[in-house]
Amino acid sequence: GSGDASRAVADWRLAVWTLCSVLLPVLITAWCSFQRSRRQLLIRDIFRKSKHDWHYTDLFGQPSYCCVCAQHILRGAFCSCCGLRVSERCLKKADQRFLCKEIMMRGTAGAPSSMPHHWIRGNVPLCSCCMVCKQQCGTQPKLCDYRCVWCQYTVHDECMVDSLRTEDCTFGEFKDLIIPPYYLSTINQMRKEKRTNYEKVVPYCRKHWMPVMVLANTRSGNNMGEVLLGEFKMLLNPVQVFDLSKIAPAKALQLCTWLPCNAVRVLVCGGDGTVGWVLDAIDEMKIKGQERYIPQVAVLPLGTGNDLSNTLGWGAGYAGEVPVEQILRNVMEADGIKLDRWKVQVTNKGYYNLRKPKVFTMNNYFSIGPDALMALNFHAHREKTPSLFSSRIINKAVYFFYGTKDCLVQECKDLNKKVELELDGERIELPNLEGIIVLNIGYWGGGCRLWEGMGDEPYPLARHDDGLLEVVGVHGSFHCAQIQVKLANPVRLGQAHTVRLILKSSKMPMQVDGEPWAQGPCTVTITHKTRALMLYHSGEQTDDDDASSLSE
């Protein structure tokens, strides 16, 4: 009996230990999970209430030290405006102890025209030099040396003297692009008092001041827009940097009314679609009577299909290979030019009194035929599975697939029998074609100079500011591919101030600036709408994915 009892006790013990060994890890995991979610809620709460623009990262891109406890940290929070880096447990202290970049000076009497440096200790950029002794900063493996968040100058701990703490900040290399906080506070005060004589305000009165505004589409180019927003906020006043997924261009551009007339430069970070969106908002400024505040527009091409930015010398696509400082230098040095914008009106046949005509604004090109069909197929698949289309290589491969598939199907056959074309009111006899493309700019189809073709025939020059459109025909998607690799010329149909195209029968694919749709019988009329003020970077344009023009 005692043997059975001891066996029962042993079995009971084994059951208890087994239960403990199963339950303990579960309880520990549950407790850790609860603590983590509680910590995340606290962090999120600090982020929401803070004046800093905090972001959390699991791994810093360079050796980093906490600005509170000075310990080496692999992960934690960083402010994308002032550059502070902090461990998770010191976040609350850092948020209370350190001020972020002030976008507008508060509580200042009179009209200040200067401000002292705003120094932040540690985590200085690699390869930065001390402004006092000209030796390299940030070389020691600890929290050391200072950086001014406005002028980006760096100073060794031992070179930092009291006079530097009170010295006026010069705003550094980009002083001509930065909107100083004291300027905004002065203009704000003057607006309250209904005064408009801004000419005496510093730096409004400075000859070379050309404040820049950055409008970034964070949905373009595989998260590149998000990274750029932070980098531009570090170099400029955060008030100059806008996320177009949170604020519409029309609202962002109202900042121009606080700045000197004809001096503002806007850098649009996004694809050609984003540029079109911003140019539409600028057209709205003209309607509101704000013509004198209209800015000049530069482009930083993100995503795919950047023919407009390529035409203007900004390259076919940016993937982070050029420092943000160089981009700002390029914007400063760029020359002003004009860009024709066109009104495309599509009136459906037989519905003249029942349905309003569709109206588009065209910056790049209009087309009917195989390239519009490729865009339509591509668009339909991107809507279904957007995650697949984040890479430019995949996008090009899918485009190629649809182009070759169309070679076999020939869905756009005998276009010349289905349409009539008029250039400046004159009917054009069409040869055997499958597509017609109406061009405003030099580049088409992701880096191909369509009007020039192989460049072996005499033809009138194509310009984007002469009020003329170039009209070409293509024999099919295989012909399009041959033109892209300079093995064939397009069928040049002529140049015109107005283009009229009548689709007599059947449904055909059409596109304006990469926005495709299927269209039944209709009349398409293209007329001049307005001219946009753009900035031209005189680096070399790229024939494909090489974005070397940005680094010039």
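Looking up the chain in an unreviewed UniProt entry gives the name Diacylglycerol kinase, with the organism given as Leiothrix lutea. Of the comments in the UniProt record for the chain, the one headed Sequence similarities (unreviewed entry) reads "Belongs to the eukaryotic diacylglycerol kinase family."

A. Fine view of the overall build of the chain. Check the secondary structure of the chain and you find 13 helices and 26 strands. The proportion of buried residues among the 552 residues of the chain is 50%. Looking at the chain alone, contacts between residues at least 24 apart form 69% of all its contacts between residues at least 6 apart. A total accessible area of about 27400 Å² is found for the chain, and carbon and sulfur atoms account for 55% of it.

B. Inspection of the UniProt feature "transmembrane region" (unreviewed entry) in the chain at higher detail. The UniProt feature table records "transmembrane region" (unreviewed entry) at residues 14-34. Structurally, residues 14-34 comprises 100% helix and 0% strand, and the distance from its first C-alpha atom to its last is 30 Å.

C. Examining the side chain of Q240 more closely. In this structure, Q240 sits in the loop between α5 (224-235) and β10 (241-243). Separated by 2.9 Å, the side chain of Q240 and the backbone nitrogen of I179 make a polar contact. Setting aside anything within four residues of it in sequence, one finds Q240 in contact with L177, I178, I179, V212, M213, V214 and L255.

D. Expanded view of the sheet that holds strand β5 (residues 85-86). Pairing within the open sheet is antiparallel, and its 3 strands lie in the order β1-β4-β5. Each edge of the sheet is formed by a strand with only one pairing partner; in this case those strands are β1 (54-57) and β5. Where β1 meets strand β4 (residues 76-79), 4 bridges bridge the pair, whose relative direction is antiparallel. Across the sheet, the residue bridging to Y56 is A77, located in β4.

E. Fine view of helix α4 (residues 181-192). An ideal rise of 1.5 Å per residue puts 16 Å on 12 residues; α4 measures up with 17 Å between its terminal C-alpha atoms. Of all the positions in α4, only P181, Y182, Y183, L184, S185, T186, I187 and M190 are classed as buried. Following α4 by one or two positions, K194 adopts a phi angle in the positive range, close to 60°.

F. Spotlight on the state of the cysteines. Taken as a whole, this structure holds 0 disulfides when the rule is applied. Of all cysteine sulfurs, the one in C69 lies closest to C90, which takes part in no disulfide; the gap is 3.8 Å.

G. Just the sheet that holds strand β25 (residues 515-519), in detail. One open sheet accounts for 6 strands, arranged β22-β21-β18-β15-β24-β25; its pairing is antiparallel. The open sheet is flanked by β22 (491-496) and β25, the only strands paired with a single partner. Going from strand to strand, the sheet's axes swing by 15° on average, the running direction of each strand aside. As judged from the 4 bridges shared by strand β15 (residues 365-368) and strand β18 (residues 435-439), these two strands associate in the antiparallel manner.

H. Quick peek at a nonpolar patch on the surface. A cluster of nonpolar side chains, contributed by L19, L23 and L27, occupies part of the molecular surface with about 300 Å² of accessible area. As for its position among the elements, L19 is in helix α1 (residues 2-49).

I. Local environment of the pattern of salt bridges. Applying the stated criterion across every chain, the model contains 16 salt bridges. A salt bridge links R121 to D157, with the nearest nitrogen and oxygen atoms 3.0 Å apart. Remark: D157 occurs in the loop between β8 (154-155) and α3 (162-166) and R121 occurs in strand β6 (residues 119-121); sequence separation between them is 36 residues. A relative accessible area of 34% means that R121 is categorised as partly exposed. Residue class for D157 comes out partly exposed when judged on its relative accessible area of 24%. R492 is the salt-bridge partner of E457, the closest N and O atoms lying 2.8 Å from each other. Separated by 35 residues along the polypeptide, E457 in the loop between β20 (448-449) and β21 (469-474) and R492 in strand β22 bring together distant segments of the chain. Using a relative accessible area of 22% as the deciding quantity, one classes R492 as partly exposed.

Parameters at a glance
Within every chain, residues take consecutive numbers counted from 1 along the sequence as written. The predicted nature of this model means local features are confined to residues of pLDDT at least 70 and side-chain atom pairs, given and counted, to a pLDDT of 80 or more, with totals for whole chains, interfaces and linings taken over all residues. With hydrogens and water excluded, all non-hydrogen atoms of the structure serve as input to the side-chain values. UniProt positions are given in the numbering used here, feature names are shortened, and annotations may be inferred rather than shown by experiment. Only runs of H or I of at least four residues qualify as helices and only runs of E of at least two qualify as strands under DSSP, and these elements are numbered from the N terminus. Only protein chains enter the area calculation, which uses a 1.4 Å probe; residues under 20% of their type maximum are buried, those over 50% are exposed, and those in between are partly exposed. Working rule for contacts: check all heavy atoms of both residues, and any pair within 4.5 Å makes them a contact. For the accessible areas, the method is Shrake-Rupley and the probe is 1.4 Å, while residue cover comes only from the protein chains on display. We define a polar contact as two N or O atoms separated by no more than 3.5 Å, with the added condition that, inside protein, one atom must be a possible hydrogen donor and the other a possible acceptor, whereas residues neighbouring each other in sequence contribute only through side-chain atom pairs. What makes two strands pair is DSSP finding at least two bridges between them. By definition here, a helix of n residues has an expected span of 1.5 Å times n minus one. A pair of cysteine sulfur atoms is labelled a disulfide when the two atoms are within 2.5 Å. The axes used here are C-alpha line fits, helices contributing only the stretch in contact, and every angle between their N-to-C directions lies in the interval 0 to 180 degrees. For patches, a residue must show more than 30% relative accessible area and have no salt bridge; joins then use 9 Å for like charges and 5 Å for nonpolar side chains, namely Val, Leu, Ile, Met, Phe, Trp and Tyr. Note on definitions: salt bridges are taken to be side-chain nitrogens of Lys or Arg within 4 Å of carboxyl oxygens of Asp or Glu.

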